[in-house]
Amino acid sequence: MQALLELDQVSKHFPLRGRGLFGGRLGTVQAVSEASLAIARGETLALVGESGCGKTTLGRVAALLHRPTAGRLSLDGSDVAGLGRDALRRLRRKVQTVFQDPFGSLNPRLTAGFSLREPLDIHRVGTPSDRNARIAELIVAVGLRRDDLERYPHQFSGGQRQRIAIARALALDPALVVLDEPLSSLDVSVQSQVLNLLAEIKRRRGLAYLFISHDLAAVEHLADRIAVMYLGRVVELAPRDLLLRQPAHPYTRALIDAVPRIEDGRRRRAVLKGDVPSPIDPPKGCAFHPRCPRAEARCRVQRPVLAIPPGRAAAHLAACHFPLDPA
Amino acid sequence: MTRYIVDRIVQSLAVLLVMSFVIYGLIGLMPGDPVDLMISADPKVTAEDAARLKALYGLDRPLLTRYGNWLKAALGGEFGYSRLYAKPALVALGPALVSTTILVGISFVLSLLIALPAGVWVATRPDGPADRTVNLACFAGVSMPPFWLAILLILTFAVGLRWLPAGGVPTRSDVGLGEQLRHMVLPVATLTLLQIGGYLRFMRAAMIETLRQDYIRTAQAKGAGPARVLLKHALRNALNPVVTVVALGFGGLFSGALITETMFAWPGMGKLILDSIMGNDFNLALVALLFATLLVLVGNLLADLAYAWLDPRVSFTEREGGP
Amino acid sequence: MSEALALPAPGDGFLGRLGRRPLAVASAAILALLAALALLAPLFAMLSGIDPNAVDLLQRLEPPSAQHWLGTDDIGRDVLLRLLLGGRVSLFVGLTAALASAVIGTAIGLMAGYWGERADALLMRLTDGIIALPLLPLLIVLAAVDLTKLGLSAELAGSETISLYRIVAIIALVGWTTVARLVRGAALSVRTRDYVLAAIGQGASPWRVMAVHILPNVASPIVVATTLSVGNVILLESVLSFLGLGIQPPLPSWGNMLTNAQELMTSAPWLAIWPGMLIFVTVIACNLLGDGLQDALDPRAQE
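Just so we're clear, the structure is a prediction, and the values are computed from it rather than from any experiment. (Residues numbered from 1 in each chain as written. Chains lettered and ligands numbered in written order. Predicted model: local features only at pLDDT ≥ 70, side-chain atom pairs only at ≥ 80, totals over all residues. Heavy atoms only, no water.)

Participant: Any chance you could explain the interface of chain A and chain C here in plain terms?
Facilitator: Reports often express the size of an interface as the amount of accessible area lost when the parts come together. At the interface, 27 residues of chain A touch 25 residues of chain C. Between chain A and chain C, a total of about 2,400 Å² is buried, with carbon and sulfur atoms accounting for 54% of that surface. Among the salt bridges present, the one from Asp194(C) reaches Arg60(A), with a minimum N-O distance of 3.8 Å. Counting the contacts that link chain A with chain C gives 8 residue pairs in polar contact (both at pLDDT 80 or more). Looking at the side of chain A that touches chain C, the elements that each hand over two or more residues are strand 6 (95-98), helix 3 (102-105) and helix 4 (112-122) of chain A. When residues of the side of chain A that touches chain C are assigned to their parent elements, the largest contribution, 5 residues, is made by helix 4 of chain A. When its residues are assigned to classes, the side of chain A that touches chain C shows 11 nonpolar, 7 polar and 9 charged. (Contact = heavy atoms within 4.5 Å. Buried area = accessible area lost by both parts, 1.4 Å probe. Salt bridge = Lys/Arg side-chain N within 4 Å of Asp/Glu carboxyl O. Polar contact = N/O pair within 3.5 Å; in protein donor to acceptor, adjacent residues only side chain to side chain. Helix = DSSP H or I, 4+ residues; strand = E, 2+ residues; numbered from the N terminus. Nonpolar A, V, L, I, M, F, W, Y, C, P; charged D, E, K, R; others polar.)

Participant: What exactly am I supposed to notice about the side chain of Ser276(B) here?
Facilitator: Take Ser276(B): it is sitting in helix 12 (residues 269-278). Within the local environment of Ser276(B), its side chain forms a polar contact with the backbone oxygen of Ile273(B), the two atoms lying 2.9 Å apart.

Participant: In this structure, what is going on with helix 10 (residues 194-201) of chain C? I would like to understand it.
Facilitator: For an α-helix, the turn length of 3.6 residues means that residues three or four places apart are oriented alike. Residues and elements named next belong to chain C. Here helix 10 lies mainly inside the structure; 8 of its 8 residues are buried. Among all positions in helix 10, only Asp194, Tyr195, Val196, Leu197, Ala198, Ala199, Ile200 and Gly201 are buried. Positive backbone phi, approximately 100°, marks Gly203, located one or two places after helix 10. (Buried < 20%, exposed > 50% of the residue type's maximum accessible area, 1.4 Å probe, protein only.)

Participant: What is the right way to read the pattern of salt bridges from this model?
Facilitator: Should the charged atoms of two oppositely charged side chains come close, the side chains can pair. Scanning the entire structure with this criterion turns up 28 salt bridges over all chains. Across the pair Glu200(A) and Arg204(A) runs a salt bridge whose closest N-O atoms are separated by 2.5 Å. Remark: Arg204(A) and Glu200(A) occur in helix 7 (residues 188-205); sequence separation between them is 4 residues, near one turn of the helix. Under the relative-accessibility criterion, Glu200(A) is labelled partly exposed at 25%. On the basis of relative accessible area, Arg204(A) is assigned to the exposed category, the value being 61%. Note that Arg21(C) and Asp295(C) form a salt bridge whose closest N and O atoms lie 3.3 Å from each other.

Participant: I'm lost on the interface of chain C and chain B in this one. Help?
Facilitator: Tallying the contact residues gives 40 residues for chain C and 40 residues for chain B. The junction of chain C with chain B conceals about 3,600 Å² of combined surface from both sides, 80% of it contributed by carbon and sulfur atoms. At the boundary of chain C and chain B, one finds 1 salt bridge. Taking the shortest distance from any N to any O, the salt bridge between Arg201(B) and Asp291(C) comes out at 3.5 Å. At the junction of chain C with chain B, the criterion picks out 3 residue pairs in polar contact (both at pLDDT 80 or more). When residues of the side of chain C that touches chain B are traced back to their parent elements, those giving at least two are helix 5 (117-131), helix 6 (135-144), helix 11 (206-242), helix 12 (261-264) and helix 13 (269-297) of chain C.

Participant: Any chance you could explain a nonpolar patch on the surface here in plain terms?
Facilitator: A contiguous nonpolar patch, built from Val98(B), Ile102(B), Ile106(B), Val109(B), Leu110(B), Leu113(B) and Ile114(B) and spanning about 590 Å² of accessible area, is present on the exposed surface. With respect to the helices, strands and loops of the structure, Leu113(B) is situated in helix 5 (residues 89-123). (Patch = residues over 30% accessible without salt bridge, like charges linked within 9 Å, V, L, I, M, F, W, Y side chains within 5 Å. Areas by Shrake-Rupley, 256 points an atom, 1.4 Å probe, with all protein chains shown as cover.)

Following this line, the structure appears as structure tokens:
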């Protein structure tokens, strides 16, 4: 089956420029390096990693907001790279984003209705009255009322604002929605409501999610597959249960252990030591080696590639010279 | 820091170079040209003579070539001859610069001496009657057409009361210092009145902003007396932006006194610029305009350096432990 | 800065806040009155039957009378009518040049702030360069430029209309820097907001992003800066016209009505008083109104 969105060896580097007209290049932030992912129609792929690992950048590349520095990106089987600016703008309606902070993602001067209508106005979907009917339907679909369309962002709670942002992302009937930490700025009590809303929308509309989070616990209910990123690279990619129960990469293990769980009483929290290295100057070899409990000489020189570790299912990929044994 | 200064100087020189081209081009668009002026003085010159003269002076070449030649000469210190003064343009510029420096210098110091203390004073009683009155007076100052202020002062003090001369500079060297000073009173007063408003409002705003800061409240809470808080803590920090703004404006004063100098027949830079433009003295106009630009650029450079030097984060921590 | 509050909707306390500033309200009223009088000047001329340009050397420098309320000037023209007509010119120049500056400044500021990087560095160098120029001498040079050398016919170059538009053009040419800096700053800060990213993600064009998301954020500083610059423009126009480089007689402007005032100071001081007074009142009204608007539009000032 053809993937909805396919990233093939995609890199996104940002130049760090000096000030001024002829400011020289001071370095490069290697936000994403050689990432390969595919998302099928209706699938939820979770993208997990610590802050600064490049997951947001990868999400923005997937949403066609950043052009990749290298690699191929195809949507519905057609290559996006060669598209001109206008064609790219038209294509963007297929992938929509829900941002982390609904305070920032809704223009404070515009009513909820205006924000919801904007994507329809941009693409001139239907007649003006069609658009009004559509936004009325959308606001109800995310659990708000019609008269909320007249209100301004500051008149809503955080959870309500995020519902509006979700409704806006749905306005153009996208095939894929990039959820960029959609829960982490919300109160814990509201998080599960929004999560349930996302699950319900997915069930009803059959759309695909790229669910970005720093928190494994937040994605596990919704994710079909999980990708783990570290310092700009995908280090492990597997179906949810395989990844959570039998991680192959030591970093994934550490992430899982960092999630506090009530049910398993034993505490074996191998909390990571040290800080995430700088993406301007990532370590040679395996980028994780300075913090890895299993690191050996080889890890310092040779970068592991994403491959099926010995004794694992074909759907399970990890980039590690010394993967963990299936428990 | 050194690198920063070098960078800024290079930038300023680049602006000066670009401006020299722009001004050169604009001057070329002024009514008449040097040869036409020569011809008008001598009815015997024929059209062929004119063409030959134009070729001789290179006036038939493209603008860029002429500019290139001018620049080469200028870099060698050769700015051509002033028609009006019948001497090298640079030589004509000298005395004007001195006159302007005296006029601008005195009014600048005077207006700061009035504006800064007054600004601090009203900042301590914001929105009181004194503040409102001073504020309105400041607005009056910055809204005053300079030539009208000069007219009003002349009408009152020279025409009406006959206390002071209406302008000019005593040319005979035998007049005493007192007479020279009397001639300076009205132009200095005009320039000072025009400047005070801006400085005062800026000082007041900077002071009010500083007095709002947390560290001022902390100092007050620690029991520092009001005068001490005002002088030691607030004033020093409030002065930083004021110094920057004052330096930014300073370079412009030299040419900005143009109207005042013209009204009072004060032989300074501004009057020289106006006279040379109106009198088709292109060489002099060019060098005077470039000099005026240079002065503004130097003012900007000083403002930037003052800003870097007075950076509040640096100065506050370094000086806190001092006596 | 909480930009959510930067431009309160009209009626949402904004007019109320402005209303609590009597100086600003009085200034607005004075400006409205001056504008109305200036607009109606031709009507007054018609009703009184006086031709404001008619030279009458038998009635030179007449003191105020029933026929000439403010007397006559040095060639016998009615001073009051010429003041009103001059007001038309000065206010027209002030408004159009300030608006043109605002438009140029907004366009340049948006380009610099939205596209950033090289375009930004280039445009801001240009802005710095213009700010670093000695303004008045430069304006004098620009005003003295011989338009026939730029290819205009001698007839056109010498016409009244050209002197009017030329002054608007040269002031706008150097006056846009304040607005450009304001808009650039706002565009830079707004550009990175998620709601702008969201709009781009929906496929919005840069023009739409600028119009819907960036411009409303800078509307109030632009309004304030433009109000203040109307006053400055009127001041500059009067200076240039006073020097004989701005509005060309017989078209009256407050500035050129003062050109001969210095010579006539002893014989007819009123000729020197009135035009200057009107310039002064108009400029101070613009400045006070701008200041009042700034406070009324800036919620921080309420604290």
